[in-house]
Amino acid sequence: MKIRHENERVPKLLGQQSLKMTVLLAIIAQAILITLSFFTKFWLGLAMFIAFVLTWLLVYHFVLKYELKLEDYVMNLSYRIKRSEQEALIKMPMGIILYNSESEVEWVNPYLQSHIAEEDNILGQPLKQVHNKLIDHIEKDELAGLIDWKDKTYQYRIHKNLRAIYLLDVTEYVAIKEQYEEYKPVIGWLFLDNYDEVTKDLDDRGVSALDSLLTTYLSNWAKQHNVFYKKISDDRYFIILSYNELERLESEKFNIIDHIRERTSKRNLPLTISIGLAYGEETFSNLSDLAQKNLDLALGRGGDQVIVKGIEDEPRYYGGKTNPMEKRTRVRSRMISQALQEQIVEAEHVYIMGHSNPDMDAIGSAFGVARIAMMLDQNASVVINNDDIPNDIGKLLEETEKYPETYNNVITPKKAESQITERDLVILVDHHKPTLSIAPNLLKKTKKNVVIDHHRRGEEFTENPLLVYIEPYASSTAELITEFFEYVPTDGNPINRIEATAMLGGIIVDTNNFSLRTGSRTFDAASFLQSVGANITLVQRLLKEDAENYIERGRLIETIDYVYENVGVAIGDENKIYPPVLAAQTADTMLNMTDIEASFVITRRSKNTVGISARSLGKINVQLIMEKMGGGGHLSNAATQIDGKSIQEVKADLTEHIINQLS
């Protein structure tokens, strides 16, 4: 105790070893000087001796006086610090709770007690009774965070070894943060999807009337929702709003897109709009770029919809209730065809692949692109996994063996991965998500890729594609590729019968025998394919079903459950694996039934995978529902696959998504 007490005192000035040595040397030096003075003159030595003694007496006196004052100052300062610590513990604006080993409150500082009603005496009470979340945080070792108590928000910190809880009132700061979140900026682009098509046949007066209608409606909408907008061009607007207004618009599901479409349709000028919005902790330049990407995604999905995405959030989709209007022109088809030919010619080898478990459209499209490459005297391979093909594709490949020029181009994913180089080109047909590809590793071995698809674009996409041709309003990818042949040089061998038949089969399957998403150009494409030798009888034979499939389809239909108005869901046997084609055909059949606008068929695809085939007559967007469950497709034709769940669990999830989407 004595040692500790001495260490706590201020060190003596003359007690320092270094200072002692300095003083000693000075004394010795002066003693020598005085001695020499005595030998010279006695009176001089005596005078110097007296001066020496007086000087050192004065120095010693002042040093002792200084040490006493310094020690007194430090002791006074120490007392004030300890007193301040005690005062702070009691009066500082921070709540303190001490609790015992039984988690009962032992002490509360006055500051916290003043924030608790006087009648709420918490001393001696269990923490769980005082605040149920405090004891939960202690038990879960959540030693820091925020809690709400009474009408305030506290930042808490728990020291378990001291059994102490510190509470800092951050109510004001939380309110400021919430206010910032409410008013943080949201940047977006609004685009009139088909403005050029709607106005091309109007005179100046008609265009002016339409512009006036749009300006009036947009002005009223912007005023009601505190949105700033600026017209950049005839069909493009820049918009800024706050996040709380964005939440309001989302709660209304952006009904502006429905209102504009309905109002313009009454004038026989059906105009649709698309909006891309972005927000987050980024610069305005980056937010503008993200908003543009969201708009591009909305247009790639067919337009007539809104896509909202934060910097670190998943995109949210609104609208998309109508089938996309046709914007494709012969000029655009020609330009895409020429651009595709340029990429094919520049590549050393071309690999074409559809999605896994391919249908007739994926295989037919791949054969079509391979034929274009051969007509350009380029090497091409169609990647097909023979272990992952449905019955109709198996029969098609058997027929293809009769055409060596076509069949010899078919290779397995393993062989393609061993041959491909970074100078080769990969073309994705009938899909755009790398994870759905037959051989996704091919995209990792070369940066050169092209996408040709007719499905609405999803967030997942290939990296840096050289060419993208996504037309959601087309009946099929085969229809898009058929139009390319008109612009391909005819020097090489033309498309043969089996390739034309496969492409025609793709159109027939995706349009359900020309009953869905069928336009004039669909019939033009089918007519061209028949003119070059497509065999529709062979298509029918390839698509033929055996009696067991009809029976199984009937069994599936017997399980129909109307989970929502005009929405039917059928399910298969939990312990039986069904081919995807059977589920799709069942969903198509269900649409022919009275009072069904949308159909969903849930079946087991493999031991660990459950699939859903979704169809709609157009009033209900099944694509949005399937996207919520990890899939995609079209407004009227979509699907998804889920791993690790039972059919009943998938049905429960599907029902929840249907109700949320339609209610």
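Every value quoted in this text rests on a predicted model; they were computed, and no experiment measured them.

A tally of regular secondary structure across the chain gives 26 helices and 23 strands. Relative to the 2.2 N^0.38 estimate, which gives 26 Å for 663 residues, the radius of gyration of the chain is 41 Å and therefore markedly larger than a compact globule would have. By its C-alpha atoms, the chain is 140 × 75 × 65 Å across when sized along the principal axes. Taken over 663 residues, the chain has a buried fraction of 47%. For the chain, the exposed surface amounts to about 34,600 Å²; the carbon and sulfur share of it is 53%. Between the mean site of the 73 positive side-chain charges and the mean site of the 94 negative ones, the chain shows a separation of 6 Å.

One finds Ile344, Ile352, Ile427, Ile452 and Ile481 to be the most contacted residues of the largest nonpolar core, which totals 52 residues. Examining the composition of this core, we find that nine residues originate from one element, helix H14 (residues 360-375), more than from any other. Apart from residues lying up to four places away in sequence, isoleucine 427 is in contact with Leu340, Ile344, Val350, Tyr351, Ile352, Met353, Val369, Val450 and Ile452.

Examined against the element boundaries, leucine 543 turns out to sit in the loop between helix H22 (536-542) and helix H23 (547-557). Considered as a pair, leucine 543 and isoleucine 508 are 35 residues apart in the sequence and their alpha carbons are 9.9 Å apart. The contacts of leucine 543, once residues within four sequence positions are left out, are Met360, Asp392, Ile508 and Val509.

The next thing to look at is helix H20 (residues 497-510). Between its first and last C-alpha atoms H20 spans 20 Å; for 14 residues at 1.5 Å apiece the expected length is 20 Å, and the two agree. Those residues of H20 that fall on the buried side of the exposure criterion are Ile498, Glu499, Ala500, Thr501, Ala502, Met503, Leu504, Gly505, Gly506, Ile507, Ile508 and Asp510. You can read the cap of H20 off the contacts: a side-chain oxygen lies 3.4 Å from the backbone nitrogen of isoleucine 498, and it is on asparagine 496. Asparagine 512 occupies a position one or two residues after H20 and carries a positive phi of about 50°.

This next bit is on the domain arrangement of the chain. By domain assignment, the chain separates into domain 1 (17-90), domain 2 (94-174), domain 3 (185-319), domain 4 (330-543) and domain 5 (549-662). The C-alpha-based centres of domain 3 and domain 5 are spaced at 32 Å. Across the interface of domain 3 and domain 5, roughly 370 Å² is buried in total on both sides, 30% from carbon and sulfur atoms. Summed over the three residues of domain 3 that lose the most area to domain 5, namely Arg301, Tyr317 and Gly319, the buried surface amounts to 78% of that side. In this structure, the connection of domain 3 to domain 5 is made through zero salt bridges. Here the side of domain 3 that touches domain 5 is composed, by residue class, of one nonpolar, one polar and two charged.

This brings us to the sheet that holds strand S12 (residues 350-353). A sheet is described by the order of its strands in space; here six strands give the open sequence S14-S13-S12-S15-S16-S17, paired in parallel fashion. Edge strands, defined here as strands with exactly one partner in the open sheet, are strand S14 (410-411) and strand S17 (467-470). Bridging between strand S13 (residues 380-383) and S14 involves two bridges; their strand directions are parallel. When the sheet's bridge partners are listed, valine 383 is paired in S14 with isoleucine 411.

In this section: the UniProt feature "binding site: Mn(2+) 2" (unreviewed entry) in the chain. Sites flagged by UniProt as "binding site: Mn(2+) 2" (unreviewed entry) map to Asp361, Asp430, His454 and Asp510. These residues run over 150 residues, yet every pair of their C-alpha atoms falls within 10.8 Å of each other. Relative to the helices and strands, histidine 454 is located in the loop between strand S16 (449-453) and S17. Beyond its immediate stretch of four places on either side in the chain, histidine 454 contacts Asp361, Asp430, Glu471, Pro472, Ala474, Ser475, Ser476, Thr477, Leu480, Asp510 and His634. In terms of polar contacts, histidine 454 uses its side chain to reach the side chain of aspartate 430, at 3.2 Å. Beyond its immediate stretch of four places on either side in the chain, aspartate 510 contacts Asp359, Asp361, Asp430, His454, Ser475, Ser476, Arg517 and Asn637. Among the polar contacts made by the side chain of aspartate 510, one reaches the side chain of histidine 454 at a distance of 3.1 Å.

Right, let's get into the packing of H23 against helix H24 (residues 580-591). Close contact between H23 and H24 brings their axes to 10 Å; oriented N to C, the two are set at 60°. As far as their axial angle goes, H24 and H23 are oblique. Like other packed secondary-structure pairs, H23 and H24 cross with a definite hand, here right-handed. Mapping the contact onto sequence places Asn549, Glu552, Arg553, Leu556 and Ile557 in H23 and Leu582, Gln585, Thr586, Thr589 and Met590 in H24.

Moving on to the UniProt feature "transmembrane region" (unreviewed entry) in the chain. As recorded in UniProt, the feature "transmembrane region" (unreviewed entry) lies at residues 45-63. Between the end C-alpha atoms of residues 45-63 there is a gap of 27 Å, over a span that is 100% helix and 0% strand.

As a further point, take the pattern of salt bridges. Applying the stated criterion across every chain, the model contains 20 salt bridges. As a salt-bridge pair, arginine 248 and glutamate 252 come within 3.8 Å of each other at their nearest N and O atoms. Given the relative accessible area of 34%, arginine 248 is considered partly exposed. Here arginine 521 makes a salt bridge to glutamate 483, at a shortest N to O gap of 3.0 Å. With arginine 521 in helix H21 (residues 520-531) and glutamate 483 in helix H19 (residues 477-484), the pair connects residues that are 38 residues apart, well separated along the chain. We classify arginine 521 as buried; its relative accessible area is 7%.

Within the fold, lysine 619 resides in the loop between strand S21 (609-616) and helix H25 (622-628). Judged by relative accessible area, lysine 619 falls into the exposed class, the value being 68%. Sequence-wise, lysine 619 and glutamate 597 are 22 residues apart; in three dimensions their C-alpha atoms are separated by 7.0 Å.

A separate point is the packing of aromatic side chains. The final tally for this structure, using the stated rule, is eight aromatic pairs. With a centroid separation of 5.0 Å and an interplanar angle of 65°, the aromatic rings of tyrosine 243 and tyrosine 279 are classed as edge-to-face. Placement of the pair is tyrosine 243 in helix H10 (residues 243-251) and tyrosine 279 in strand S9 (residues 273-279), with a sequence separation of 36 residues. By the burial criterion, tyrosine 243 is buried, and tyrosine 279 matches it. Lying over the aromatic face of tyrosine 243, lysine 184 brings its terminal NZ or CZ to 4.9 Å of the ring centre.

Cut-offs used in this document
Residues numbered from 1 in each chain as written. Predicted model: local features only at pLDDT ≥ 70, side-chain atom pairs only at ≥ 80, totals over all residues. Heavy atoms only, no water. Helix = DSSP H or I, 4+ residues; strand = E, 2+ residues; numbered from the N terminus. Rg over C-alpha atoms; globule rule 2.2 N^0.38 Å. Buried < 20%, exposed > 50% of the residue type's maximum accessible area, 1.4 Å probe, protein only. Areas by Shrake-Rupley, 256 points an atom, 1.4 Å probe, with all protein chains shown as cover. Lys, Arg positive; Asp, Glu negative; His and termini not counted. Charge placed at Lys NZ, Arg CZ, Asp CG, Glu CD. Core = buried A, V, L, I, M, F, W, Y, C linked by side-chain atoms within 4.5 Å. Contact = heavy atoms within 4.5 Å. Expected span 1.5 Å × (residues − 1). Polar contact = N/O pair within 3.5 Å; in protein donor to acceptor, adjacent residues only side chain to side chain. Domains from an automatic or database assignment. Buried area = accessible area lost by both parts, 1.4 Å probe. Salt bridge = Lys/Arg side-chain N within 4 Å of Asp/Glu carboxyl O. Nonpolar A, V, L, I, M, F, W, Y, C, P; charged D, E, K, R; others polar. Pairing = 2+ DSSP bridges. UniProt positions renumbered as here; feature names shortened; annotations may be inferred. Axes fitted to C-alpha atoms, helices over the stretch in contact; angles between N-to-C directions. Parallel < 35°, antiparallel > 145°, perpendicular 65-115°, else oblique. Left-handed = near helix turned anticlockwise from the far one by under 90°. Phe/Tyr/Trp six-rings, centres within 6.5 Å; stacked < 30°, edge-to-face > 60°. Lys NZ or Arg CZ within 6 Å of the ring centre and 35° of its normal.

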